[in-house]
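# Structural characterization, general
The primary structure of each chain is shown beneath.
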Amino acid sequence: MQHQIVHLYVFDTLADWEPGYAIAGLNNAPSGRFRVMTVGVSKAPVRTSGGVAILPDMTLEELAPSQSAMLIMPGGDTWDQGQNTEVLEHARRFLAAGVPVAAICGATAGLARAGLLDTVQHTSNAREYIQATNYRGSALYQDQPAVTDGNMITANSTAPIEFAYQIFKRLGAYQHDTLEAWYGLFKTGDPAYYARLTELMSKQAEA
């Protein structure tokens, strides 16, 4: 099976917890369709907010929308320090090519500064936080944990589960009932969802 590649942008201070559910869920989806590859400004190791070293699989120069199913952009301290600008032009190219972009936390502010949230419904850490970027899309801000509008997915820093849910839904990584069981389990911890999720994933893997 030829995998669809989802690219995860990695950089120093990356907030480990924000893309965690999404990348684990994609790499372990019962369809086996997806693989996550990390992409950095260079192939030099980066260190996350939690102190984990990541060696990027590839560089931004090698990144092409035609070879990707989605670009995921996590948050991190450096977004509000004026860094990570290199990836924003790639996000623009992805969207122009009809390839989804998913951003959470500080990455949403980066998109706002680049003018990429001016015409789509979106969310962020707080209305006041993203308004500080002086972007032009404030009328389209949604006070929600995660929002999908076309090929743009945005989420706030406290919504990694909702972020993953929207990513899975946009990519069709899970069948509808399986996705709802996954969300119910991780959002509520109710063991009934675990039994349902196990059953559904087993059936999907066998199909």
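Keep in mind that what you see is a predicted model, and the values were worked out from it rather than measured. (Residues numbered from 1 in each chain as written. Predicted model: local features only at pLDDT ≥ 70, side-chain atom pairs only at ≥ 80, totals over all residues. Heavy atoms only, no water.)

### Quick word on the side chain of T48
- As for its position among the elements, T48 is in the loop between β3 (46–47) and β4 (53–54).
- A polar side-chain atom of T48 sits 2.5 Å from a polar atom in the side chain of D16. (Helix = DSSP H or I, 4+ residues; strand = E, 2+ residues; numbered from the N terminus. Polar contact = N/O pair within 3.5 Å; in protein donor to acceptor, adjacent residues only side chain to side chain.)

### Re the packing of helix α1 (residues 20–27) against helix α5 (residues 160–171)
- Contact pair α1 / α5: the axes reach a minimum separation of 7 Å and the direction vectors enclose 35°. In the crossing of α1 with α5, the sense of the turn from one axis to the other is right-handed. Facing Y21, A22, G25 and L26 of α1, the residues of α5 in contact are P160, I161, A164, I167, F168 and L171.
- A breakdown of the residues in the contact of α1 with α5 according to their chemical character gives 9 nonpolar, 1 polar and no charged. (Axes fitted to C-alpha atoms, helices over the stretch in contact; angles between N-to-C directions. Left-handed = near helix turned anticlockwise from the far one by under 90°. Contact = heavy atoms within 4.5 Å. Nonpolar A, V, L, I, M, F, W, Y, C, P; charged D, E, K, R; others polar.)

### A few points about the sheet that holds strand β1 (residues 4–9)
- A sheet is described by the order of its strands in space; here 7 strands give the open sequence β5-β2-β1-β6-β7-β9-β8, paired in mixed fashion. The open sheet is flanked by β5 (58–59) and β8 (146–149), the only strands paired with a single partner.
- Strand direction decides the pairing type here: β8 and strand β9 (residues 152–155), joined by 4 bridges, are antiparallel. From the neighbouring strand, T148 faces β9, where its bridge partner is I153. (Pairing = 2+ DSSP bridges.)

### Thoughts on the packing of α5 against helix α6 (residues 176–188)
- Taken N-terminus to C-terminus, the directions of α5 and α6 make an angle of 175°; their axes are 10 Å apart at the nearest point. With respect to their mutual orientation, α5 and α6 come out roughly antiparallel. Within the contact between the two elements, α5 uses I161, E162, A164, Y165, F168 and K169 and α6 uses L179, E180, W182, Y183, F186 and K187.
- In the contact of α5 with α6, the residues fall into 8 nonpolar, no polar and 4 charged. (Parallel < 35°, antiparallel > 145°, perpendicular 65-115°, else oblique.)

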